[in-house]
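# Breakdown of the fold
If you want the building blocks of each chain, they are given just below.
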Amino acid sequence: MSCHTTDFKGSVIDALQEAIERQIPSSQAEVSGGGGHFSINVTSPAFAGKNMLESQRMVYSAIAHLMAGDAAPVHAVDSLKTRTPPSA
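Now for a quick tour of the structure. Fair warning: this is a prediction, and the values are worked out from it, not measured in the lab.

As a further point, take the pairing of strand 2 (residues 37-43). Covered by surrounding structure in strand 2 are Phe38, Ile40 and Val42 only, the residues His37, Ser39, Asn41 and Thr43 on the alternate face being uncovered. Relative to strand 2, strand 1 (residues 28-34) runs antiparallel, the two sharing seven bridges. Counterpart to Ser32 in the pairing with strand 2 is Ser39. Between the end of strand 1 and the start of strand 2, which pair antiparallel, lie two residues, with Gly35 showing a positive phi angle near 60°. In terms of strand pairing, strand 2 meets strand 3 (residues 76-83) through seven bridges, oriented parallel. By the bridge assignment, Phe38 is partnered in strand 3 with Val77. A crossover connection joins strand 2 to the parallel strand 3 through helix 2 (residues 52-67); in handedness this β-α-β unit is right-handed.

What follows is the structure in structure tokens.
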């Protein structure tokens, strides 16, 4: 695993999950990875009626602050999957 230089303190995985779940209504985010590279799966009813690109833009918007700048804790999102929850 490559080492990505950052001055971020704390868990980047937790920060990603919290940012997504705070920004996207009723979302559940699963985040894995490290070294600046992460995989993200997000389930939310907010994605209903949106195409894949629109849903992914919502996620990237929620985490943009963690990807900004040369020492950002998130260097790349290697996998991003969005889905709506199954109907109850």
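Counting 19 residues, the largest nonpolar core has Leu16, Ile20, Ile40, Val42, Val59, Ile63 and Val74 as its most contacted members. A per-element tally of this core places helix 1 (residues 12-23) first, with five residues. Ignoring any residue separated from it by four or fewer positions in sequence, one finds Ile40 in contact with Ile20, Glu30, Val31, Ile63, Val77, Ser79, Leu80 and Lys81.

The next subject is helix 1. Compared with an ideal rise of 1.5 Å per residue, which puts twelve residues at 16 Å, helix 1 spans 16 Å between its outermost C-alpha atoms and is within 8% of the ideal. Among all positions in helix 1, only Val12, Ala15, Leu16, Ala19 and Ile20 are buried. Along the long axis of helix 1, the arc covered by the buried residues comes to 125°, so they all point the same way. In this structure, the buried residues of helix 1 make contact with strand 1, strand 2 and helix 2. Two or three places before Ile13, at the start of helix 1, stands the capping residue Ser11, its side-chain oxygen 3.4 Å from that residue's backbone nitrogen.

On to the side chain of Ser44, then. Note that Ser44 resides in the loop between strand 2 and helix 2. In this structure Ser44 touches Ile24, Pro25, Ser26, Ser27, Arg83, Thr84 and Pro85, once residues within four positions along its chain are discounted.

It is worth spelling out the environment of Ala46 at this point. Along the chain, the position of Ala46 falls in the loop between strand 2 and helix 2. For the pair Ala46 and Ser26, spaced 20 residues apart in the sequence, the C-alpha separation amounts to 7.4 Å. With residues near it in sequence (within four places) discarded, Ala46 still touches Ile24, Pro25 and Met58.

Procedures and definitions
Residues numbered from 1 in each chain as written. Predicted model: local features only at pLDDT ≥ 70, side-chain atom pairs only at ≥ 80, totals over all residues. Heavy atoms only, no water. Buried < 20%, exposed > 50% of the residue type's maximum accessible area, 1.4 Å probe, protein only. Helix = DSSP H or I, 4+ residues; strand = E, 2+ residues; numbered from the N terminus. Pairing = 2+ DSSP bridges. Right-handed = clockwise from strand over helix to strand, strands pointing away. Core = buried A, V, L, I, M, F, W, Y, C linked by side-chain atoms within 4.5 Å. Contact = heavy atoms within 4.5 Å. Expected span 1.5 Å × (residues − 1). Arc of directions from axis to C-beta. Polar contact = N/O pair within 3.5 Å; in protein donor to acceptor, adjacent residues only side chain to side chain.

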